[in-house]
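Analysis of the macromolecular model
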Amino acid sequence: MSGYPGQPGGGYPVDPQVAEWFNAVDTDNSGQIDAKELGQALVNGNMSNFSEEACRMMIDMFDRDKTGQININEFGALFGFVTQWKTQFEAYDVSKAGTLGREDLVQAITSMGYKFSNTFYDNLLNKYSPREKRITMDNFIVASVQIKRLTDSFRNRDRQMNGQATLQYEDFVGLAMGTHN
């Protein structure tokens, strides 16, 4: 007997509300959601849709069969992930503007255990919002996931755990592009 009762082909039971949302987002009724469908469904606190980059990155994180789409079980895991990051983001969005300014961003990232220079934060805000110097929830998620991914990869190469690693050029490019662990 494979999987759980009521779950064709296995998988974990999905919360009925999550399943309802999945079905609403799956506009072509394919049983799969791609980045475009996901992007039309996710909204930042300032009522703008999530960026295509954020949606592609989240699909890639949860797409276990590497089809470029996620099924309902993968969507359930993604939904939990988005809920966690949304809670983290909202905890530091003290002005309730739907964006984080510099001080809020520093506190949010520092609370995750990272320590960066002022220049790093300035550059991060310039990347995502050169004029306003504020970051939306989708870009906060993108930045946070990239920081974690790069930190984990760097840690694997920092054998003495002293904040230094020697990398070959191709390894560095692979890390930056997300093709190496």
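Notes on the structure follow.

Reading the values: rules and limits
Residues numbered from 1 in each chain as written. Predicted model: local features only at pLDDT ≥ 70, side-chain atom pairs only at ≥ 80, totals over all residues. Heavy atoms only, no water. Helix = DSSP H or I, 4+ residues; strand = E, 2+ residues; numbered from the N terminus. Contact = heavy atoms within 4.5 Å. Areas by Shrake-Rupley, 256 points an atom, 1.4 Å probe, with all protein chains shown as cover. Lys, Arg positive; Asp, Glu negative; His and termini not counted. Charge placed at Lys NZ, Arg CZ, Asp CG, Glu CD. Core = buried A, V, L, I, M, F, W, Y, C linked by side-chain atoms within 4.5 Å. Buried < 20%, exposed > 50% of the residue type's maximum accessible area, 1.4 Å probe, protein only. Phe/Tyr/Trp six-rings, centres within 6.5 Å; stacked < 30°, edge-to-face > 60°. Polar contact = N/O pair within 3.5 Å; in protein donor to acceptor, adjacent residues only side chain to side chain. Axes fitted to C-alpha atoms, helices over the stretch in contact; angles between N-to-C directions. Parallel < 35°, antiparallel > 145°, perpendicular 65-115°, else oblique. Left-handed = near helix turned anticlockwise from the far one by under 90°. Nonpolar A, V, L, I, M, F, W, Y, C, P; charged D, E, K, R; others polar. Salt bridge = Lys/Arg side-chain N within 4 Å of Asp/Glu carboxyl O.

Here we take up the overall build of the chain. A tally of regular secondary structure across the chain gives eight helices and two strands. Principal axes of the C-alpha set define a box for the chain whose edges measure 50 × 40 × 25 Å. The long-range fraction of contacts in the chain, counting pairs at least 24 apart against all pairs at least 6 apart in sequence, stands at 49%. Total accessible area on the chain is roughly 11200 Å²; 51% of this is exposed by carbon and sulfur atoms. Charge-centre separation for the chain: the mean point of 17 positive side chains lies 8 Å from the mean point of 23 negative side chains.

Counting residues in each nonpolar core, the largest one holds 39 residues, and the members touching the most others are Leu38, Phe50, Met58, Phe81, Leu100, Leu105 and Ile141. Of all the secondary-structure elements, those providing two or more residues to this core are helix H1 (16-25), helix H2 (35-41), helix H3 (52-62), helix H4 (72-92), helix H5 (102-111), helix H6 (118-128) and helix H7 (137-157). Setting aside anything within four residues of it in sequence, one finds Ile141 in contact with Phe50, Met57, Met58, Phe81 and Trp85.

Quick look at the packing of aromatic side chains now. A complete count under the given rule lists 12 aromatic pairs for this structure. A connected cluster of aromatic rings, assembled from ring pairs, spans Phe62, Phe81, Trp85, Phe89 and Phe140.

Examined against the element boundaries, Thr99 turns out to sit in strand S1 (residues 99-100). For Thr99, a relative accessible area of 11% corresponds to the buried category. A polar atom in the side chain of Thr99 sits 2.6 Å from the side chain of Arg134.

Turning next to the environment of Phe89. Mapped onto the elements, Phe89 comes out in helix H4. Counting along the chain gives 69 residues from Phe89 to Glu20, while the straight-line C-alpha distance between them is 25 Å. Among residues more than four places away in sequence, those in contact with Phe89 are Gly98, Thr99, Leu100, Ile135, Thr136, Met137 and Phe140.

Each pair of packed helices can be summarised by the angle the axes make with each other and by the distance between the axes. Here H1 crosses H4 at 110 degrees, and the two axes come no closer than 10 Å. Accordingly, the angle class assigned to the pair H1 and H4 is roughly perpendicular. In terms of crossing hand, the pair formed by H1 and H4 is right-handed. The segment H1 lies against H4, with Val18, Ala19, Trp21 and Phe22 engaging Ile72, Phe75, Gly76 and Phe79. Considered class by class, the residues forming the contact of H1 with H4 number seven nonpolar, one polar and no charged.

Per the counting criterion, the structure on display carries six salt bridges. For Glu52, the salt bridge is made with Arg56, and the minimal N-O distance between the two is 2.9 Å. On the criterion of helical spacing, the pair formed by Glu52 and Arg56 is a turn pair, its members being four residues apart in helix H3. Classification of Glu52 as exposed rests on a relative accessible area of 56%. Across the pair Arg155 and Asp152 runs a salt bridge, and its minimum N-O distance is 3.8 Å. Residue Arg155 and its partner Asp152 are both found in helix H7; the two are separated by three residues, about one turn of the helix. For Asp152, a relative accessible area of 31% puts it in the partly exposed group. Three or more residues are tied together by salt bridges with common partners; here these are Lys148, Asp152 and Arg155.

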